[in-house]
Amino acid sequence: MSRTVYVNGNFVPEEEATVSVFDRGFLFADAVYEVTSVVEGRLLDFEAHITRLKRSLSEMDMPMPMSAEELLASHRELVEKNDLEEGWVYIQVTRGEADRDFIYPQNLKQTVVMFTQANKVAYARKGIRVQSSTDIRWARRDIKTVQLVAASLGKTAAKRQGLDDTWLIKDGTVTEGSSSNTYIVTADGKIVTRHLSNSILSGITRAAVLRLANEQKLTIEERPFTIAEAQCASEAFMTSATSFVTPVLEIDGVELNNGNAGPVSSRLNEIYIEEGKKSAI
Ligand code: PLP
């Protein structure tokens with residue numbers, strides 16, 4: 001069945017949705033995006049996603065195309081029009097349409113596109129197997145831009161090896177997964193995850209999971225770690241809005257926890273979903 005999508009203020013069937021070939025999002029990847037999970041027909045961590053959208057836009061010298069209230073109303077309308085129970089809403093904001101030029105004009109009319117995707121995978125996830133690869137992305141990974149081809153190449157290469165994803169390595173340590181934040185659990189039960197900087201995206205799920213881990217009195221160390229350290233860890237996992245807390249069962253051919261989901265990641269996933277359902281709007 002065709003989805004209803006949102007383009008520049010209109011809700012239209014996906015077959016009728018169009019964007020100009022001169023759109024800078026298409027020509028320059030001059031655009032940012034957000035993905036908000038939908039559980040039981042409601043939006044998870046919506047405010048945090050919109051706050052990050054605003055920051056990404058600001059770092060790219062772009063304004064918010066509409067208010068947070070209008071964004072919430074359109075997200076909700078899209079969920080309703082598509083009868084979405086489980087899945088996510090994607091929003092992309094581009095600088096807009098202009099003659100192709102590296103120098104961008106000021107005050108272009110921004111393009112705003114939103115669509116939904118049904119997805120029940122997150123609940124069912126038993127765990128994934130990953131291989132490492134060099135992080136070849138640009139230096140501002142803290143901005144959620146649509147320049148995702150490096151991550152896409154890395155993940156596809158992993159798929160071709162029969163694996164699920166790649167963990168990206170910069171200067172000897174893990175930055176993130178292709179579209180997730182990464183964690184290990186040490187033998188003495190500490191959760192280690194890379195500290196926030198321009199090197200990684202400040203994950204909305206990361207923030208929620210670290211808050212919940214804190215409440216569970218788990219010790220958190222925010223620092224870089226190597227693949228060798230991860231391979232010796234008790235557990236490893238990743239987080240993202242579309243996959244929640246996903247256990248990592250194998251890293252570069254080395255199994256963790258005998259190839260089973262560990263107790264820390266399993267528990268954090270349960271709590272995250274439980275809490276998410278309570279606070280979703
Ligand atoms: N890191 C990268 C590179 C991502 O693309 C994503 C999500 O798409 C994340 C981390 C996780 O962020 P969030 O939890 O906000 O989905």
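Residues numbered from 1 in each chain as written. Predicted model: local features only at pLDDT ≥ 70, side-chain atom pairs only at ≥ 80, totals over all residues. Heavy atoms only, no water.

Student: Got a sec to walk through the sheet that holds strand S5 (residues 87-94)? Specific residues and values, please.
Tutor: Read across the sheet, 6 strands follow the order S2-S1-S6-S5-S3-S4 without closing on themselves; strand pairing throughout is antiparallel. Sheet topology places strand S2 (10-13) and strand S4 (42-43) at the edges, where each strand pairs with a single neighbour. One ladder, built from 8 bridges, connects S5 with strand S6 (residues 111-118); its direction is antiparallel. By the bridge assignment, Gln-92 is partnered in S6 with Val-113. (Pairing = 2+ DSSP bridges. Helix = DSSP H or I, 4+ residues; strand = E, 2+ residues; numbered from the N terminus.)

Student: Give a detailed account of the nonpolar core, specifying residues and quantitative values.
Tutor: By size, the foremost hydrophobic cluster in this structure holds 22 residues, and its most contacted members are Leu-43, Leu-53, Leu-71, Ile-91, Val-112 and Met-114. With sequence-adjacent residues up to four places away left out, Leu-53 is seen in contact with Val-32, Glu-34, Met-64, Leu-71, Ile-91 and Val-93. (Core = buried A, V, L, I, M, F, W, Y, C linked by side-chain atoms within 4.5 Å. Buried < 20%, exposed > 50% of the residue type's maximum accessible area, 1.4 Å probe, protein only. Contact = heavy atoms within 4.5 Å.)

Student: Could you give an account of the pattern of salt bridges, with specific residues and numbers?
Tutor: Within this structure, the stated rule accounts for 23 salt bridges. Across the salt bridge formed by Asp-30 and Arg-24, the nearest N and O atoms sit 2.7 Å from each other. A relative accessible area of 3% places Arg-24 in the buried class. Two residues, Arg-95 and Asp-30, come together in a salt bridge whose shortest N-O distance is 2.6 Å. Of this pair, Arg-95 sits in the loop between S5 and S6 while Asp-30 is found in the loop between helix H1 (24-28) and strand S3 (31-39), placing the two residues 65 residues apart along the sequence. For Asp-30, a relative accessible area of 6% gives the class buried. (Salt bridge = Lys/Arg side-chain N within 4 Å of Asp/Glu carboxyl O.)

Student: Explain unusual backbone geometry to me, and be specific about the residues and the numbers.
Tutor: In the Ramachandran plot, Asp-61 falls in the positive-phi region, its phi being about 60° despite a non-glycine side chain. Here Asp-61 shows up in the loop between helix H2 (46-59) and helix H3 (68-81). At Asp-171, a position not held by glycine, the phi torsion is positive, near 50°. If you trace the backbone, Asp-171 turns up in the loop between strand S8 (165-170) and strand S9 (173-177).

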